[in-house]
Amino acid sequence: SIRYISYALNLHDYGVFSETRDGQGAPAPQSVHAPLYPAWVALFMHLNPGIRTSLGCVVDRTKAQTACPLDLSLLVAAQLVLAGIFFGAVWLLALRISGNPWIAWLAAGFALLSQDPLSYANRVLTEALLLPLMALFTVFLVLAYQTKRTRWMLAAGASLALAALTRPAYSYLFLVITATLAGGVLVGKRRLLLAACAAFVLAYGVVVTPWMLRNKLQFDRFALTTGYAGDILAQRVAYDRMGWGELAMAFLYWFPDFGDNIAKTFFPRRYFEKLKWTGDSYYATVAPALYQRVLAEAK
């Protein structure tokens, strides 16, 4: 959360996309992360200055002598609307696939019971945008397949592009779908699949190209992000250092809600100590150290 809040604060205060906040004025631009969610948060900072004050205090909380005010009701309400879009997309997707409204309501009900979409409304994390965008993308893709209408491929391309501007890993999904459609052109229904592929690529390109041009002009890289892929890969590789005992414990420790408490009560610390999100852990210390070491070796 602190990462995305920092980006949003710099967008709000200086109009600069950067995570760095050193109190020395406008920071240098960066391209490590995707811009859409920080821009979303910055928008609500403009709409309600109390959100700027609250989140600014959260970022600087180590310097604060008192608890931060949390005037975030407008942002939470907007993200609840996003969660509502997600539930609506789940309902529509189940209806289109099954043709049965009862199954559609059951699917939406199970999505609601999972609690995750609603919980993200109260957090400053990319999932608040990502869940509805990917749900809409899936709905549009199914509609395109069922109706054979190009406009749904345009909508699918645009929604996937917005998801990629939220989390850049979804650009790989764009490549896979484009390759699949292009391969289909070679084996049958060429005119239909060619139109679908062209619409999908066009919509995706229109949405992501301005940001990629910005990165090209400022950092000489025509890409969504710079360095993000290596950072995320390092997090995954870091967990390869787990021993067999830690691997077995992970199934319990990471069980939602109470798994970590059970592990702490009945098992030695050495089996779960590095499974935490803070302190001396694979996530907080091993992964960053691994990334910096490999980055230095690559240079």
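Described below are features of the structure shown in this document. (Residues numbered from 1 in each chain as written. Predicted model: local features only at pLDDT ≥ 70, side-chain atom pairs only at ≥ 80, totals over all residues. Heavy atoms only, no water.)

When the terminal C-alpha atoms of helix α2 (residues 36-47) are compared, their 17 Å separation across 12 residues agrees well with the 16 Å that a helix rising 1.5 Å per residue should span. Those residues of α2 that sit buried are Tyr 37, Pro 38, Trp 40, Val 41, Ala 42, Phe 44 and Met 45. Looking at the buried side of α2, the elements it contacts are α1 (2-14), α3 (49-59), α4 (73-98) and α7 (127-147). (Helix = DSSP H or I, 4+ residues; strand = E, 2+ residues; numbered from the N terminus. Expected span 1.5 Å × (residues − 1). Buried < 20%, exposed > 50% of the residue type's maximum accessible area, 1.4 Å probe, protein only. Contact = heavy atoms within 4.5 Å.)

In this section: the packing of aromatic side chains. Scanning the entire structure with this criterion turns up 14 aromatic pairs. Between the aromatic rings of Tyr 7 and Phe 17, the centroid separation amounts to 4.4 Å while the plane-to-plane angle is 15 degrees, which identifies the pairing as stacked. A residue pair is termed long-range when its members are at least 10 positions apart, and Tyr 7 in helix α1 and Phe 17 in the loop between α1 and α2 qualify at 10 residues. Residue classification places Phe 17 among the buried positions, given a relative accessible area of 4%. Residues Phe 174 and Tyr 204 carry aromatic rings whose centres are separated by 3.8 Å and whose planes lie at 5 degrees to one another, so their mutual orientation is stacked. (Phe/Tyr/Trp six-rings, centres within 6.5 Å; stacked < 30°, edge-to-face > 60°.)

Our next topic: the state of the cysteines. A complete count under the given rule lists 1 disulfide for this structure. Residue pairing for Cys 57: its cysteine sulfur links by disulfide to Cys 68, the two sulfurs lying 2.1 Å apart. When the S-S torsion is -80 degrees, as for the bridge of Cys 57 with Cys 68, the disulfide is left-handed. Of the two residues, Cys 57 is situated in helix α3 and Cys 68 in the loop between α3 and α4; the sequence distance between them amounts to 11 residues. Each member of the pair, Cys 57 as well as Cys 68, is classed as buried. (Disulfide = S-S within 2.5 Å.)

This paragraph deals with the nonpolar core. Among the nonpolar cores identified, the biggest contains 59 residues, and Tyr 37, Trp 40, Val 41, Leu 55, Phe 200, Tyr 204 and Leu 224 are the most heavily contacted of them. For this core, the elements supplying multiple residues, two or more each, are α1, α2, α3, α4, α7, α8 (150-164), α9 (171-187) and α10 (190-219). Discounting chain neighbours no more than four positions away, the residues touching Tyr 204 are Gly 157, Ala 158, Leu 160, Ala 161, Ala 164, Ser 171, Phe 174 and Leu 224. With 12 residues, the next largest nonpolar core counts Ala 238, Ala 250, Ala 263 and Val 286 among its residues. (Core = buried A, V, L, I, M, F, W, Y, C linked by side-chain atoms within 4.5 Å.)

Its identity as a non-glycine residue notwithstanding, Lys 148 has a phi of 60 degrees, on the positive side. Among the secondary structure elements, Lys 148 is positioned in the loop between α7 and α8.

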